Amino acid sequence: MRDIRNIVVLTGAGISAESGLRTFRAEDGLWEDHPVEQVATPEGFRRDPDLVQRFYDERRAGVMAAEPNAAHRALGRLDAEFSGDLLIVTQNIDDLHERGGASRVLHMHGEALSVWCTSCDARHQWHATLRDGPPCPACGEPAMRPDIVWFGEMPYRMEEIFRAISQADLFVSIGTSGAVYPAAGFVQSARDHGARALELNLEASLGSRFFHETRLGKASELVPAWVGEVLG
Ligand code: NAD
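Since the structure is predicted, the reported quantities are computational estimates derived from the model, not experimental observations.

What counts, and at which threshold
Residues numbered from 1 in each chain as written. Predicted model: local features only at pLDDT ≥ 70, side-chain atom pairs only at ≥ 80, totals over all residues. Heavy atoms only, no water. Salt bridge = Lys/Arg side-chain N within 4 Å of Asp/Glu carboxyl O. Helix = DSSP H or I, 4+ residues; strand = E, 2+ residues; numbered from the N terminus. Buried < 20%, exposed > 50% of the residue type's maximum accessible area, 1.4 Å probe, protein only. Pairing = 2+ DSSP bridges. Axes fitted to C-alpha atoms, helices over the stretch in contact; angles between N-to-C directions. Contact = heavy atoms within 4.5 Å. Near = heavy atom within 4 Å. Polar contact = N/O pair within 3.5 Å; in protein donor to acceptor, adjacent residues only side chain to side chain. Areas by Shrake-Rupley, 256 points an atom, 1.4 Å probe, with all protein chains shown as cover. Nonpolar A, V, L, I, M, F, W, Y, C, P; charged D, E, K, R; others polar.

Caption draft 1: Just the pattern of salt bridges, in detail. Counted by the stated rule, this structure contains 14 salt bridges. Close ionic contact of Arg77 with Glu81 constitutes a salt bridge, the shortest N to O distance being 3.4 Å. Here Arg77 pairs with Glu81, and both are found in helix H4 (residues 70-81), just four residues apart, close to one helical turn. Judged by its relative accessible area of 38%, Arg77 falls in the partly exposed class.

Okay, here's the thing in structure tokens:
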């Protein structure tokens with residue numbers, strides 16, 4: 001661990017599970033009891049915007065009510081104390097990494113507490129609801145949608161992510177099922193560039209075979225232990 005100078009961490013819904021935020025159920029395609037095509041695709045939004053706005057209003061409220069757990073706080077400690085390069089790429093839309101003390105965080109799938117105006121393209125921090133069609137603070141149009149990357153849309157800041165992965169000497173995946181691309185492919189890119197790959201997850205994931213090492217258990221236990229090893 002002493003030779004590690006450049007780390008990319010990928011996190012998924014599993015790191016927030018112990019904070020009470022339910023994971024996405026890859027086996028049955030349900031997110032909070034809704035089929036993902038209903039609540040996480042542009043087509044679903046066009047078909048029933050009211051249902052989708054209500055769904056993310058609930059997710060936003062749930063995120064605000066949740067607290068970071070020991071795994072988020074351990075990554076916050078890593079961010080504060082690790083002197084090398086670090087990028088925490090999260091698929092999560094919650095802000096628990098930031099509230100756990102991390103600042104080198106990139107939200108590739110958007111953020112529950114951000115909204116995007118489809119009329120003027122402005123983004124706003126948002127804690128209230130969208131189901132009532134509030135006007136955009138920038139242009140006044142009632143055209144705001146959740147600032148979430150839905151299936152079929154391009155994840156954010158991919159160039160930056162691949163640049164960091166190409167320079168990493170350690171790639172660590174935490175609490176992700178390996179079912180959602182392109183994030184599921186990051187481990188292979190990291191290995192192609194010579195990084196070691198470590199997986200921390202509750203159960204073996206779809207991509208476990210691509211990692212040099214997989215540790216199974218709860219994020220709240222595995223992540224603090226791993227951060228302790230890195231920081232010595
Ligand atoms: P996923 O739900 O497909 O997989 C979660 C993984 O975490 C599973 O492999 C599971 O075994 C593991 N896990 C569950 N509890 C754990 C624990 N306590 N410790 C360690 N691992 C645990 O998640 P994904 O791969 O991130 O894909 C889901 C997609 O849905 C993401 O793109 C994300 O945008 C969205 N989502 C986000 C949130 C959130 O922001 N908190 C929650 C649900 C879904």
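Continuing now.
Caption draft 2: Broad picture of the sheet that holds strand S5 (residues 105-107). Spatially, six strands are ordered S5-S4-S1-S9-S10-S11 in an open sheet, and the strand pairing comes out parallel. The sheet is open, and its two borders are formed by S5 and strand S11 (213-216), each paired with just one other strand. Strand-to-strand twist across the sheet, computed as the mean angle between neighbouring axes with direction ignored, equals 15 degrees. Running at roughly 130 degrees to strand S1 (residues 6-11), helix H6 (residues 158-167) makes contact with S1, strand S4 (85-90) and S5 of the sheet.

Caption draft 3: Region of the structure containing the site of the ligand. Around the ligand, the structure places 26 residues, and the nearest of them are Phe24, Gln91, His109, Thr176 and Ser177. Glu203 is positioned such that a nitrogen or oxygen atom in its side chain is 2.9 Å from an oxygen atom of the ligand. Bound to the protein, the ligand loses 93% of the 860 Å² it would expose on its own. Its residues assigned to classes, the shell around the ligand comprises nine nonpolar, twelve polar and five charged.

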